[in-house]
Amino acid sequence: MALWINSIYKIGALIVANLTKIFVAIHFLLFLSGCLSIGSGPLINSISIPSGQFYIRQQLPSGFCSDKNAYSSTAFQETMVVTNCLAVSNGNNFYFSRRPVDTIVHITFTKLIVPNNISQQKYLSTIAKNVELKKFLAVTSDKKIVFGEKKLLKKFFHVNFQMINSSERIEFVRKYFFIVDNKMVVMTILSFQKPRKNTYSAFESFIIKINEASS
């Protein structure tokens, strides 16, 4: 009996240790995600998704392109920057051109692996309950932060909030957390005006397509 209790204690301690590492890593990623500005490089209406030893090409929602010059990679993550674009006809071909920016999207593919002893749904649920975005975002900005809703769905969870700067301009922010190739992905959508109704639904469909492509 004592041996059984000791085993249970060790398993519990291991889970707690794993969850602690998760929270520390997630808080660290909150500082890193959403920090790149858009560049002036060529635009393309798709991104390359890291999956195992390969990359999967996935088309972005209509009206959005990735900026090649704004790509960033470290030992911990890869970040792509997506912004508004417009398809322009050029005879028999077409190219993507920039248009006035109202939304910038940062998609950060991390190297943070989901522990084998925690299901993806449990992993997302635990993060949703414990991560405190306000504390970490407030450190990096002097803007006022107003929270909205936090919502957990089957494939991801997201949190909405608004940032108000000194000139009283409102920035609308939504952060998505989801799993691709058994690793955490953080997607930040920053809008400088109230987002169009289909913006979030388009990127949620994009998340589902990424999951299907990498499974």
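How each quantity is defined
- Residues numbered from 1 in each chain as written.
- Predicted model: local features only at pLDDT ≥ 70, side-chain atom pairs only at ≥ 80, totals over all residues.
- Heavy atoms only, no water.
- 1 Å grid on protein atoms, 1.4 Å probe; cavity = no way out; pocket = protein on both sides within 12 Å on 5 of 7 lines; lining within 4 Å.
- Points joined across faces, edges and corners; volume = space filled by probe spheres on them.
- Helix = DSSP H or I, 4+ residues; strand = E, 2+ residues; numbered from the N terminus.
- Nonpolar A, V, L, I, M, F, W, Y, C, P; charged D, E, K, R; others polar.
- Contact = heavy atoms within 4.5 Å.
- Phe/Tyr/Trp six-rings, centres within 6.5 Å; stacked < 30°, edge-to-face > 60°.
- Buried < 20%, exposed > 50% of the residue type's maximum accessible area, 1.4 Å probe, protein only.
- Core = buried A, V, L, I, M, F, W, Y, C linked by side-chain atoms within 4.5 Å.
- Disulfide = S-S within 2.5 Å.
- pLDDT = per-residue confidence, 0-100.
- Pairing = 2+ DSSP bridges.

Caption draft 1: Summary view of the layout of surface pockets. There is about 200 Å³ of room inside the second largest pocket. Lining the second largest pocket are 13 residues, and of these Q120, K155, I179, V180 and N211 lie nearest its centre. Elements supplying a minimum of two residues to the lining of the second largest pocket: helix 2 (120-130), strand 11 (170-180) and helix 4 (197-214). Residue classes in the lining of the second largest pocket are distributed as three nonpolar, six polar and four charged.

Caption draft 2: Just the side chain of N211, in detail. Within the secondary structure, N211 sits in helix 4. If near-sequence neighbours (up to four positions away) are discounted, N211 is found in contact with K155, I179 and V180.

Caption draft 3: Spatial organisation of the packing of aromatic side chains. Within the structure shown, the criterion is met by four aromatic pairs. Ring centres 5.4 Å apart and planes at 75° place the aromatic pair F156 and Y176 in the edge-to-face group. Separated by 20 residues along the polypeptide, F156 in strand 10 (residues 156-164) and Y176 in strand 11 bring together distant segments of the chain. As far as burial versus exposure is concerned, F156 and Y176 are alike and both buried. With 4.8 Å between their ring centres and 5° between their planes, F157 and F177 make a pair best called stacked. Taken as a pair, F157 in strand 10 and F177 in strand 11 lie far apart in primary sequence, 20 residues in all.

Caption draft 4: Spatial organisation of the nonpolar core. Grouped together as the largest cluster of nonpolar side chains are 21 residues, with contacts concentrated most on I47, V82, I107, Y176, F178, M187 and F203. Within the residue set of this core, elements represented by two or more residues are strand 2 (46-51), strand 6 (77-90), strand 8 (103-113), strand 11, strand 12 (183-191) and helix 4. A per-element tally of this core places helix 4 first, with five residues. Non-local contacts of Y176, meaning those with residues more than four positions away in its chain, are made with F156, F157, H158, V185, V186, M187, I189, Y200, E204 and I207. Of all hydrophobic cores here, the second largest spans 13 residues; its members include V114, L124, A128 and I179.

Caption draft 5: Quick peek at the state of the cysteines. Using the criterion set out here, one finds one disulfide in the structure. Between C65 and C85 runs a disulfide, and the two sulfur atoms are separated by 2.2 Å. On the sign convention where negative means left-handed, the S-S torsion of about 65° between C65 and C85 marks this disulfide as right-handed. Of this pair, C65 sits in strand 4 (residues 64-67) while C85 sits in strand 6; the two residues are 20 residues apart in sequence, bridging distant segments of the chain. When sorted by exposure, C65 lands in the same class as C85, which is buried.

Caption draft 6: Spatial organisation of the confidence of the model for the protein chain. Taken over all residues, the pLDDT of the protein chain has a mean of 76, while the share at 70 or more is 76%. Between residues 1-17, whose pLDDT stays under 50, and residues either more than four places distant or in other chains, the model counts one contact. Note on residues 27-33: pLDDT under 50 across the span, and 19 contacts to partners over four residues away in sequence or across chains.

Caption draft 7: Layout of empty space enclosed by the protein. Taken as a whole, this structure holds one cavity of 30 Å³ or more when the rule is applied. Taken as a whole, the largest cavity spans an internal volume of roughly 40 Å³. Forming the walls of the largest cavity are D102, T103, S191, Q193, K194, P195, R196 and T199. Tallied by class, residues from the lining of the largest cavity come to one nonpolar, four polar and three charged.

Caption draft 8: Representation of the pairing of strand 8 within the structure. Of all eleven residues making up strand 8, nine are buried, and the element is well covered by its neighbours. Pairing geometry for strand 6 and strand 8, over seven bridges, is antiparallel. Looking across to strand 8, one finds that T83 is bridged to I104. In this structure, strand 8 lies alongside strand 12, joined through eight bridges in antiparallel fashion. Bridge pairing in strand 12 links H106 to T188.

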